Amino acid sequence: MKTSSHPEWKWLVLLSSLAVLPLSTFGQDQPDEVRNGLLLTAGIPSLSISYEHQLAHKKENRRFYLRGIAGQFGDLINQEWTGYLAVMPAWVFGTGNNHLETGVGLTLVSPSNSPEVWAALNLGYRYKKPGEALIFRAGGGIPEGAYISFGLAF
């Protein structure tokens, strides 16, 4: 009567299957979640660079970001440029590649070296393919004006 011909084979098969199991998720469409973005924005009449960080998302179709913006906007008539810094919580809605984004925050503006606080607002379109680095934005807001943005997620 044979009790067990090769018990080590059973353990080898079990350990091999457990080691291969995590690799099977790579073939499925589950992109890594990127939470940071760096964007260059050209607006009428502004230029800015912004950094954003995704704080949380409740569901797949809603994400919450905190965005910091540094830039300048110009007076089209007098050709004068004024610097600004803005902090804006932003909400991004939608699934897939196409999203609606909106934000409300504060802008510190420094015209003639006497700082003022303004509202920061935006409403726009955002293209971001899940799992890819390219970000495209277009819309309108304060202080960016009518804008178009290109950036990278990381």
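Residues numbered from 1 in each chain as written. Predicted model: local features only at pLDDT ≥ 70, side-chain atom pairs only at ≥ 80, totals over all residues. Heavy atoms only, no water.

Turning to its location among the elements, V34 is positioned in the loop between α1 (7-20) and β1 (36-44). V34 sits 120 residues away from F154 along the chain, and the two C-alpha atoms are 5.4 Å apart. Apart from residues lying up to four places away in sequence, V34 is in contact with Q54, K128, A153 and F154. (Helix = DSSP H or I, 4+ residues; strand = E, 2+ residues; numbered from the N terminus. Contact = heavy atoms within 4.5 Å.)

This part covers unusual backbone geometry. The peptide bond linking I44 to P45 adopts the cis configuration, its omega dihedral lying at 5°. Structurally, P45 can be placed in the loop between β1 and β2 (46-59). Between I142 and the following residue, P143, the backbone shows a cis peptide bond with an omega angle of 5°.

Attention now goes to the packing of aromatic side chains. Applying the stated criterion across every chain yields a total of six aromatic pairs. The interplanar angle of 40° and the centroid separation of 5.5 Å between the aromatic rings of F73 and W118 together place this pair among those described as tilted. Here F73 is found in strand β3 (residues 62-75), whereas its partner W118 is found in strand β6 (residues 116-128), with 45 residues between them in sequence. Look at F73 and you get buried, because its relative accessible area is 16%. (Phe/Tyr/Trp six-rings, centres within 6.5 Å; stacked < 30°, edge-to-face > 60°. Buried < 20%, exposed > 50% of the residue type's maximum accessible area, 1.4 Å probe, protein only.)

For the rest of this paragraph, the subject is the environment of N122. The topology assignment puts N122 in strand β6. Accessibility expressed as a relative area gives 4% for N122, which makes it buried. Residues N122 and T102, 20 residues apart in the sequence, show an inter-C-alpha distance of 5.4 Å. Those residues in contact with N122, other than ones at most four positions away along the chain, are R67, M88, E101, T102, G103, R137, G140, G141 and Y147. Within polar-contact distance, the side chain of N122 engages the side chain of E101 at 3.3 Å. For N122, the side chain forms a polar contact with the main-chain nitrogen of G103, separated by 3.0 Å. (Polar contact = N/O pair within 3.5 Å; in protein donor to acceptor, adjacent residues only side chain to side chain.)

What follows is about the side chain of S149. Within the secondary structure, S149 sits in strand β8 (residues 145-153). One polar contact links S149 to T41, side chain to side chain, over a distance of 2.5 Å. Filtering out sequence-adjacent residues up to four positions away, S149 remains in contact with L39, L40, T41, I135, F136 and R137.

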